[in-house]
Amino acid sequence: MLKIAAEEGIDAIVATPHFKYGMDAAQMQQIKKMYTVVRNWWKRKEPNRELYLGSELYYSENLVDALKQGTALTMNDTSYVLVEFPVYAEVSQVERAVRNLRYAGYIPIIAHVERYQHLRDAGRVKNLIEIGAYIQTNVSVIMGKHSWSSKRRTMKFLKQGLIHFIATDAHNSKERRPEMKKCAAYLGKKLGREKTHQLLVENPEKMLRGEELNG
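Residues numbered from 1 in each chain as written. Predicted model: local features only at pLDDT ≥ 70, side-chain atom pairs only at ≥ 80, totals over all residues. Heavy atoms only, no water.

K.L.:
Please give an account of the overall build of the chain that cites residues and values.
P.N.:
A count of helical and extended segments in the chain gives 9 helices and 8 strands. Its C-alpha atoms give the chain a radius of gyration of 17 Å, near enough to 17 Å, the size a compact globule of 215 residues would have. In terms of overall dimensions, the chain has a C-alpha envelope of 40 × 40 × 35 Å along the principal axes. For the chain, the accessible area works out to roughly 11600 Å², and carbon and sulfur atoms hold 49% of it. Both charge centroids of the chain, one from 34 positive and one from 24 negative side chains, sit 5 Å from each other. (Helix = DSSP H or I, 4+ residues; strand = E, 2+ residues; numbered from the N terminus. Rg over C-alpha atoms; globule rule 2.2 N^0.38 Å. Areas by Shrake-Rupley, 256 points an atom, 1.4 Å probe, with all protein chains shown as cover. Lys, Arg positive; Asp, Glu negative; His and termini not counted. Charge placed at Lys NZ, Arg CZ, Asp CG, Glu CD.)

Structure, rendered in structure tokens:
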């Protein structure tokens, strides 16, 4: 997967293993150990590329406690947290989560916004941004690997400035590969070079440094 990423022109990756409250602490230690091994291997192979550690956090009311205790990981040890919800999560649940995380000092990124049944309205997504969330979508939906309606809605959100991060959501080297090159070229045509650079370079760099995107 790292070799594919390098071929795709990806210079930095945040590994985001799934986290759900109640995971064994030993499992998290194993993740950290394996991350160090893989990162060191990649630095030898690709010294100009970076591998960082984060997590895709399944939201629960106990998540803030897990973050404070260090059993749940932020993105590259910053205040940013990548958070996912049940597909049918109510808007009020997501809003409450954003407020809870912000109040606790974290900056939530809502993962794969295209999946949520109740976040198909631009006004609802805009409201989440206004109360402190950032929004992420997957390469696959932009490249039309899901429904046409999902792609059309996602492109509309992008043009309205309602999406801040685009990620591969890579899970393996076959069905869900870490592909970005075609997506970058496509976005360049649809959004322009400046906006594409912001989404694929500027925003991720600020996130990795723990800086607010509008700062």
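So that's the structure; there's more coming.
K.L.:
Which residues make up the sheet that holds strand β5 (residues 80–84), and what values do they have?
P.N.:
Pairing within the open sheet is parallel, and its 6 strands lie in the order β2-β4-β5-β6-β7-β8. With one partner strand each, in any of the chains shown, β2 (18–19) and β8 (165–167) form the two edges of the open sheet. Relative to β5, strand β4 (residues 56–58) runs parallel, the two being bridged by 3 bridges. Opposite E56, over in β5, you have L82 as the bridge partner. (Pairing = 2+ DSSP bridges.)

K.L.:
An account of helix α2 (residues 25–45) is requested, with residue identities and associated values reported.
P.N.:
End to end, α2 covers 31 Å across 21 residues, agreeing with the expected 30 Å (1.5 Å per residue, within 8%). Residues of α2 that are buried: M28, I31, Y35 and W42. One side of α2 holds all its buried residues, which, seen down the axis, span an arc of 50 degrees. Across from the buried face of α2, at angles greater than 90 degrees, the exposed residues are K33 and R44. Looking at the buried positions of α2, the neighbouring elements they touch are α1 (2–7), β1 (12–15), β2 and β3 (50–53). (Expected span 1.5 Å × (residues − 1). Buried < 20%, exposed > 50% of the residue type's maximum accessible area, 1.4 Å probe, protein only. Arc of directions from axis to C-beta. Contact = heavy atoms within 4.5 Å.)

K.L.:
Lay out the environment of L101 in plain terms, naming residues and giving numbers.
P.N.:
Among the secondary structure elements, L101 is positioned in helix α4 (residues 91–103). Note on L101: relative accessible area 1%, which makes it buried. The spatial distance from the C-alpha of L101 to the C-alpha of K33 is 27 Å, given a sequence separation of 68 residues. Non-local contacts of L101, meaning those with residues more than four positions away in its chain, are made with Y59, L63, V64, L67, V81, V83, Y106 and P108.

K.L.:
Give a description of the environment of N100 that names residues and reports values.
P.N.:
Mapped onto the elements, N100 comes out in helix α4. C-alpha separation for the pair N100 and G132, spaced 32 residues apart in sequence, amounts to 10 Å. N100 has contacts with Y59, E61 and V64, leaving out every residue within four places of it along the chain.

K.L.:
Tell me about the packing of aromatic side chains, and name the residues and values.
P.N.:
Where two aromatic rings form a pair, the distance of their centres and the angle of their planes describe that pair. The final tally for this structure, using the stated rule, is 5 aromatic pairs. Ring centres of Y80 and F165 lie 6.5 Å apart, and the angle between their planes is 80 degrees; on these two criteria the pair is classed as edge-to-face. Of the two residues, Y80 sits in strand β5 while F165 sits in strand β8, which places them 85 residues apart along the sequence. What makes F165 buried here is its relative accessible area of 6%. Considering the side-chain rings of Y134 and F165, the 6.5 Å spacing of their centres and the 90 degrees angle between planes classify their relative orientation as edge-to-face. Separated by 31 residues along the polypeptide, Y134 in strand β7 (residues 134–138) and F165 in strand β8 bring together distant segments of the chain. (Phe/Tyr/Trp six-rings, centres within 6.5 Å; stacked < 30°, edge-to-face > 60°.)

K.L.:
With reference to specific residues and values, describe the pattern of salt bridges.
P.N.:
In this structure the tally under the stated criterion is 11 salt bridges. Of the charged contacts, one joins E46 and R49 as a salt bridge, the two residues approaching to 3.1 Å between their closest N and O atoms. When the shortest N-O distance is used, the salt bridge between K145 and E179 registers 3.5 Å. You can see K145 sitting in the loop between α6 (139–142) and α7 (148–159) and its partner E179 sitting in the loop between β8 and α8 (181–191), a full 34 residues away along the chain. When salt bridges that share partners are traced, they join D11, E46 and R49 into one network. (Salt bridge = Lys/Arg side-chain N within 4 Å of Asp/Glu carboxyl O.)

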